[in-house]
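# Structural description and commentary
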Amino acid sequence: WKQIYNLYRPYVDKARSIQDIAEIVYEMIGDVNASHTGFYPRQEETNPSQPTAYIGAELDYANILPEGIRLSRVYPNSRLGAFYKLQDGAVITHIDDVRVTAKVPLDSLLAGKIGKRINIRYLQDGKSAGASITGLNFSEASDLQYSYSYEQSRKLVDTMSHGRLGYIHIPAMGNTDWTTFYAELFRDNFDKEALVIDVRGNTGGHIHDQIISLLQKKRYAYSTSRNLSRNMRMEPRRAWDKPSIVLVNEESFSDGEIFPTVYQELKLGKVVGTPSSGAVIGTWQYYLMDGSSMRMPGSGWYKLDGTNMEGNGAKPDILVENLPEDVISERDPQLERAVKELLKELK
């Protein structure tokens, strides 16, 4: 840190704004090459912006129409999909009474309309109709996309396994994610013969121990109840001692890398996918007197053999890469391979 500080310190004298300072610190952090490290400059007055609203559907820019814009995908949980029943391929003809053509910039029609009513006219099955929706922000639009992707993955696992396998994706490792995982495991998947646990794209957190502890639990007795038909029920009731498999990829981060690594170390099952980057450092937030802050490394994570996981991420037992053409075609070779491997264990 001291050596790199001395290298970058002279540039600070030439900075004209906090953003210039931020760029210098970003370069310095890049040279340190320590994950989880960040600089967050104080907020200064900026020109007011009008972010573009989302409508709960994807626009087809690959096939531009002279009149209107085709929807390549309408998310089922959006208002357009759930209430108005728009389907993929519907064509938006007007946005707030402005006719959509190939020369109309759609971002300008949706600028500044997050949280506001947007009136749309569309063509579907040769019929024209109208819809009234509320403009969505980026987070809301991302949630719709995530729900759609999650359901597609769940259906793939269910179809390939003929209902034998369960599927859970864990997007992050926070307390809410643990609650969701626990509920989905025992509510939706407890009757399955085996489980696919997907931590691809996981942004990290701190719940790996809870998940690992749950997967390590063993049955030790039976109990009965006259109120429940005297059926023999295994104890503990909240345990998963059936086969499982884990998916990881290059976008798994921090605790999303620790979990599959510990899963391997304890020989709980196989890990499928691509190696993660090894961004495994514990950090704290430091607040600076000007209102800026920094996220700084404070602790490390090591495997039992002493290997520092910083720079040494999860390494799958079975290497499968999802290529760009797979992503474009919405194929998922990683998930397909995980299902096949888990079904082999059940034979």
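One can find the structure itself at the top, above this paragraph.
Attention here is on the structure that accompanies the text. As the structure is a computational prediction, the values presented were derived from the model and not from experiment.

Attention shifts here to the pattern of salt bridges. Under the defined criterion, the tally for this structure stands at 17 salt bridges. Taking the shortest distance from any N to any O, the salt bridge between Asp-96 and Lys-113 comes out at 2.5 Å. Residue Asp-96 is located in the loop between strand S4 (91-95) and strand S5 (98-99), and its partner Lys-113 is located in the loop between helix H4 (106-110) and strand S6 (117-124); the two are separated by 17 residues in the primary sequence. Two residues, Arg-187 and Asp-188, come together in a salt bridge whose shortest N-O distance is 2.8 Å. Among the residues examined, Arg-187 registers a relative accessible area of 59% and is labelled exposed. Beyond isolated ion pairs, a larger network of salt bridges with shared partners links Lys-270, Arg-337, Glu-341 and Lys-344.

Turning our attention to the environment of Ser-329. Note that Ser-329 resides in the loop between helix H9 (324-328) and helix H10 (333-346). Under the relative-accessibility criterion, Ser-329 is labelled partly exposed at 43%. Spatially, the C-alpha atoms of Ser-329 and Ile-170 are 23 Å apart, while their sequence positions differ by 159 residues. Within the structure, Ser-329 has its side chain in polar contact with the backbone oxygen of Glu-325 (distance 3.0 Å).

Before going further, it helps to spend a moment on the environment of Leu-335. Within the secondary structure, Leu-335 sits in helix H10. When the C-alpha positions of Leu-335 and Val-320 are compared, they lie 9.2 Å apart, and in sequence the two are 15 residues distant.

The angle between the axes and the distance between the axes are what describe a pair of packed helices. Between helix H5 (residues 138-161) and H10, the least distance of the axes is 10 Å, while the angle of their chain directions is 35°. H10 is crossed by H5, and the crossing has right-handed handedness. Facing Ser-153, Leu-156, Val-157, Met-160 and Ser-161 of H5, the residues of H10 in contact are Leu-335, Glu-336, Val-339, Lys-340 and Leu-343. Taken together, the residues of the contact of H5 with H10 sort by class into six nonpolar, two polar and two charged.

Another point: helix H8 (residues 255-265). Across the 11 residues of H8, nine count as buried, placing the element largely inside the fold. Taken together, the buried positions of H8 are occupied by Asp-255, Gly-256, Glu-257, Ile-258, Phe-259, Pro-260, Thr-261, Val-262 and Tyr-263. In this fold, the buried residues of H8 make contact with strand S9 (194-198), helix H7 (208-216), strand S12 (244-248) and strand S13 (270-273). Of the residues one or two after H8, Lys-267 is the one with positive phi, at around 55°.

Topologically, Ser-292 is positioned in the loop between strand S14 (281-287) and strand S15 (293-300). Take Ser-292: its relative accessible area is 1%, and that puts it in the buried class. There is a polar contact of 2.9 Å between the side chain of Ser-292 and the backbone nitrogen of Arg-42. If we ignore the near neighbours within four places in the chain, the residues touching Ser-292 are Ile-18, Phe-39, Tyr-40, Pro-41, Arg-42, Tyr-286 and Tyr-287.

What follows covers the packing of aromatic side chains. Evaluation of the coordinates by the stated rule reveals 12 aromatic pairs. What links up through ring pairs into an aromatic cluster is the set Trp-178, Phe-181, Tyr-182, Phe-186, Phe-190 and Trp-240. The ring of Phe-83 has Arg-79 sitting right over it, with the charged end atom 4.6 Å from the ring centre. Over the face of the ring belonging to Phe-190 we find Lys-242, whose NZ or CZ atom lies 5.3 Å from the ring centre.

What follows concerns the side chain of Asp-177. Summarising the element assignment, Asp-177 is placed in helix H6 (residues 175-188). Buried and unpaired, Asp-177 has no salt bridge, with Arg-295 as the nearest side chain of opposite charge at 13 Å. Within the structure, Asp-177 has its side chain in polar contact with the backbone nitrogen of Gly-174 (distance 2.9 Å). When neighbours within four sequence positions are excluded, Asp-177 is seen to be in contact with Ile-170, Pro-171, Ala-172 and Ile-207.

Burial of S6 is one-sided: the residues Ile-118, Ile-120, Tyr-122 and Gln-124 facing one way are buried, the residues Arg-117, Asn-119, Arg-121 and Leu-123 facing the other way are not. Across four bridges, the pairing between S4 and S6 is antiparallel. In the strand pairing of S6, Ile-92 is matched with Tyr-122. Bridge count for S6 against strand S7 (residues 127-134) is eight bridges, and the pairing is antiparallel. In the sheet register, Gln-124 faces S7, and the bridge partner there is Lys-127. The turn joining S6 and S7, which pair antiparallel and follow one another in sequence, is formed by two residues; a positive phi near 55° is taken by Asp-125.

Thresholds applied
Residues numbered from 1 in each chain as written. Predicted model: local features only at pLDDT ≥ 70, side-chain atom pairs only at ≥ 80, totals over all residues. Heavy atoms only, no water. Salt bridge = Lys/Arg side-chain N within 4 Å of Asp/Glu carboxyl O. Helix = DSSP H or I, 4+ residues; strand = E, 2+ residues; numbered from the N terminus. Buried < 20%, exposed > 50% of the residue type's maximum accessible area, 1.4 Å probe, protein only. Polar contact = N/O pair within 3.5 Å; in protein donor to acceptor, adjacent residues only side chain to side chain. Axes fitted to C-alpha atoms, helices over the stretch in contact; angles between N-to-C directions. Left-handed = near helix turned anticlockwise from the far one by under 90°. Contact = heavy atoms within 4.5 Å. Nonpolar A, V, L, I, M, F, W, Y, C, P; charged D, E, K, R; others polar. Phe/Tyr/Trp six-rings, centres within 6.5 Å; stacked < 30°, edge-to-face > 60°. Lys NZ or Arg CZ within 6 Å of the ring centre and 35° of its normal. Lys, Arg positive; Asp, Glu negative; His and termini not counted. Pairing = 2+ DSSP bridges.

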